[in-house]
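Tertiary structure, described
What follows is the residue order along each chain.
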Number of protein chains: 2
Amino acid sequence: MSTEAEEWGKQLRLAGYKLTRQRRAVLAVIAAGETHLSPAEVYDQARIACPDLGLTTVYRTLEILSELGLVRRVHLEKGCHSFASASGGHSHHLICNKCGEVIEFEGCDLSPLLERVAQRTGFVIEAHWLELFGTCPACQRVSENSPQRHQDTKK
Amino acid sequence: MSTEAEEWGKQLRLAGYKLTRQRRAVLAVIAAGETHLSPAEVYDQARIACPDLGLTTVYRTLEILSELGLVRRVHLEKGCHSFASASGGHSHHLICNKCGEVIEFEGCDLSPLLERVAQRTGFVIEAHWLELFGTCPACQRVSENSPQRHQDTKK
DNA sequence: ATGTAATTGAAAATACTTTTCAATTAGATT
DNA sequence: AATCTAATTGAAAAGTATTTTCAATTACAT
Ligand SMILES: [Zn+2]
Ligand SMILES: [Zn+2]
Ligand SMILES: [Zn+2]
Ligand SMILES: [Zn+2]
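Residues numbered from 1 in each chain as written. Chains lettered and ligands numbered in written order. Predicted model: local features only at pLDDT ≥ 70, side-chain atom pairs only at ≥ 80, totals over all residues. Heavy atoms only, no water.

1. Considerations on the interface of chain B and chain A
Let me state the cut-off plainly: Should any heavy atoms of two residues lie within 4.5 Å, those residues are considered in contact. Summed over both partners, buried area is the accessible surface (1.4 Å probe) that two parts give up on being assembled. For salt bridges, the criterion is a side-chain nitrogen of Lys or Arg within 4 Å of an Asp or Glu carboxyl oxygen. Contacts described as polar in this section are N or O atom pairs within 3.5 Å, which, within protein, must combine one atom able to donate a hydrogen with one able to accept it, while residues neighboring in sequence count only if both atoms come from side chains. Helix and strand definitions here come from DSSP, where helices need a minimum of 4 consecutive H or I residues and strands a minimum of 2 consecutive E residues; each element is numbered from the N-terminal end. By the convention used here, strands pair only if DSSP detects at least 2 bridges between them.
Each side of the interface is counted separately: chain B has 37 residues, and chain A has 38 residues. Together, the buried faces of chain B and chain A total about 3100 Å²; carbon and sulfur atoms form 67% of this surface. If you look at where chain B meets chain A, you find zero salt bridges. For the pair chain B and chain A, the interface holds 19 residue pairs in polar contact (both at pLDDT 80 or more). A total of twelve residues in the side of chain B that touches chain A trace back to one element, the largest contributor, which is strand 5 (residues 124-135) of chain B. Summarising the sheet, strand 5 (residues 124-135) of chain A and strand 5 of chain B pair through eleven bridges and their orientation is antiparallel.

2. Points about the protein's contact with DNA strand D
Quick reminder of the rule: Any residue with a heavy atom lying within 4 Å of a molecule or strand is counted as near it. Put simply, Ala, Val, Leu, Ile, Met, Phe, Trp, Tyr, Cys and Pro go in the nonpolar bin, Asp, Glu, Lys and Arg in the charged bin, and everything else, Gly too, in the polar bin.
Residues in close proximity to DNA strand D total 20 residues, the closest being A:Tyr59, B:Thr20, B:Gly54, B:Thr57 and B:Arg60. Residue B:Lys18 places a main-chain N or O atom 3.0 Å away from a phosphate oxygen belonging to DNA strand D. One nitrogen or oxygen atom from the side chain of B:Thr20 is found 2.6 Å from a phosphate oxygen belonging to DNA strand D. Partitioning the surface near DNA strand D into residue classes produces five nonpolar, eight polar and seven charged.

3. Quick notes on the domain arrangement of chain A
All names here are of chain A. Test applied: Reported domain spans reflect what an automatic or database domain assignment gives.
Here chain A is partitioned into domain 1 (1-87) and domain 2 (88-155). The distance between the C-alpha centroids of domain 1 and domain 2 comes to 21 Å. Contact between domain 1 and domain 2 buries roughly 1400 Å² in total, counting both sides, with carbon and sulfur atoms accounting for 44%. There are zero salt bridges connecting domain 1 and domain 2. Taken together, the links from domain 1 to domain 2 amount to seven residue pairs in polar contact (both at pLDDT 80 or more). Counting only elements with at least two residues in the side of domain 1 that touches domain 2, the list comes to strand 1 (71-74) and strand 2 (82-85). Per-class residue counts for the side of domain 1 that touches domain 2 are six nonpolar, six polar and four charged.

4. Observations concerning the pattern of salt bridges
All names here are of chain A. The following threshold applies: Throughout this description, buried means an accessible area under 20% of the type-specific maximum (1.4 Å probe, protein chains only), exposed means over 50%, and partly exposed covers the range between.
Considering all chains together, one arrives at two salt bridges over all chains under this definition. Arg21 serves as the salt-bridge partner of Asp52, at 2.9 Å between the closest nitrogen and oxygen. On the criterion of sequence distance, the pair formed by Asp52 in the loop between helix 3 (39-49) and helix 4 (55-67) and Arg21 in helix 2 (residues 21-32) is long-range, its members being 31 residues apart. For Asp52, a relative accessible area of 47% translates into the label partly exposed. On the accessibility criterion, Arg21 (48% relative accessible area) is partly exposed.

This is the structure:
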């Protein structure tokens, strides 16, 4: 289990949740995953380490992790069913269109934009949501010859 | 039927689609709607003008409108099942957390951010999504006394 | 070790969306 | 205006995703 998963375990405990075998398995999968994963994908991967895990528990654990801000839903045109780790603070996701790799980045300075929009519309702006899409270095290299060979695109 | 709906009708024809009674009803509802609407909500409202409309047709029409860029899915924490008008070009949505009102805005200047992230990560950035959330002027006034009376929050 | 409330998975229920297909219809052509 | 034809339609069925229910199990405080 990676260090990030251990850290997440502590956070769960801190928030009053029990650290069960099933939850550990789910944490380990998402913390280790470099791509966004749907509940079903988390289920499949986590069952390697914990075969008696139920899909219901995956949904419930993802819900808790979201609530704690450790995981965030990745929104795609196709659908919004997958999740990626989000390490707590304010950050956004950069997603590879080819392989699904997700990179987290911080330091979005949107204040000039937010202020302008607030002034024009009269809204009080309370939150923002930003996602970037592109091609990761590995997929760039691959597409020079034949595309996306280093990892399959998500279904 | 509003001017926007008529304009959308022309666009459909231009793209080779037939302008049916059912599609007109759907266009009219979304073009007139100030809030994001789920397929079921569009269905309910459009059936006032067109009682024999089927939900399947609503899904199919939303699909076409999305494809033409006239409508865009609104992504919320709770779910991503609703749509709002998007008038063609590059723009983003500002959404009221209380009543669901959606305002479109243009002129997001993210280039410094995009460049910085591209440099740090090695990604080629191809697209971005941005949504702002806040409280609209009407809901601000209302919450001074008791909240969201001018329109119900979405289910 | 014991107690207890939290957690679990299976099954059922609910929700959302797409597919299928025979009947209808928009709009082009006469 | 009447005719034609491919596009479009809605109902029903199928498919997929998610939540709820509930009795059995379990983490962990004591
Ligand atoms: Zn990639
Ligand atoms: Zn979404
Ligand atoms: Zn409002
Ligand atoms: Zn933009």
